[in-house]
Amino acid sequence: ELVLKVRIQNPNLKENDFIEIELDRQELTYQELLQVSCRELRVNPEHVQKIRKLPNTMLRKDKDVARLQDFQELELVLAVSDKPSLFRAPAHSEQSGYNKKASELTY
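If you're wondering where the values come from, they're calculated on a predicted model, not measured in any experiment.

Bringing the pattern of salt bridges into the picture now. Under the defined criterion, the tally for this structure stands at 5 salt bridges. One salt bridge connects R25 with D70, and the closest N-O pair in it is separated by 3.2 Å. With a gap of 45 residues between them, R25 in the loop between strand 2 (19–23) and helix 1 (30–41) and D70 in the loop between helix 2 (62–66) and strand 5 (73–78) connect regions that are remote in the sequence. A relative accessible area of 41% places R25 in the partly exposed class. For D70, a relative accessible area of 37% gives the class partly exposed.

Here it is as structure tokens:
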């Protein structure tokens, strides 16, 4: 088994501890990492925007996951919630015409 430390990325929490998860070394895929991490952290996989290997590397594919070593620290970066802060500056992609996230809001 490969043991990894995983948490949800949230700079607003005072305590944002890692949990340890185990992955079968025979099934080291991005999808398996996502599924196990989400199950352990009680997060819907559809809400995960990306998985970041700390301090600053985005995991994108199975080969990235295969290179992970025991006790590496990962963060699940969640998509923006349905209630964004009123003071949040728009991201570069939001400044042009169509805003996909706004079209998904429910009132």
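All right, on to the packing of aromatic side chains then. Scanning all chains against the criterion turns up 0 aromatic pairs. For K5, the ring lying beneath its charged end belongs to F18, and the centroid distance is 5.4 Å.

Rules and cut-offs
- All residue numbers here refer to positions counted from 1 along the written sequence of the relevant chain.
- Confidence filtering applies because this is a predicted model: local features only for residues at pLDDT of at least 70, side-chain atom pairs given and counted only at 80 or more, and all residues used for totals across whole chains, interfaces and linings.
- To get the side-chain values, take all heavy atoms of the structure and skip hydrogens and water.
- Think of a salt bridge as a Lys or Arg side-chain nitrogen and an Asp or Glu carboxyl oxygen that are within 4 Å of each other.
- Secondary structure is summarised from DSSP: a helix means a run of H or I of at least four residues, a strand means a run of E of at least two, and numbering begins at the N terminus for each.
- Relative accessibility thresholds used throughout: buried, under 20% of the residue-type maximum; exposed, over 50%; partly exposed, between the two (1.4 Å probe, protein chains only).
- Only the six-membered ring of Trp is used, alongside the rings of Phe and Tyr, when aromatic pairs are assigned; centres must lie within 6.5 Å, and planes under 30 degrees apart are stacked while those over 60 apart are edge-to-face, with the rest tilted.
- Any Lys NZ or Arg CZ that is within 6 Å of a ring centre and within 35 degrees of that ring's normal is treated as a charge sitting over the ring.

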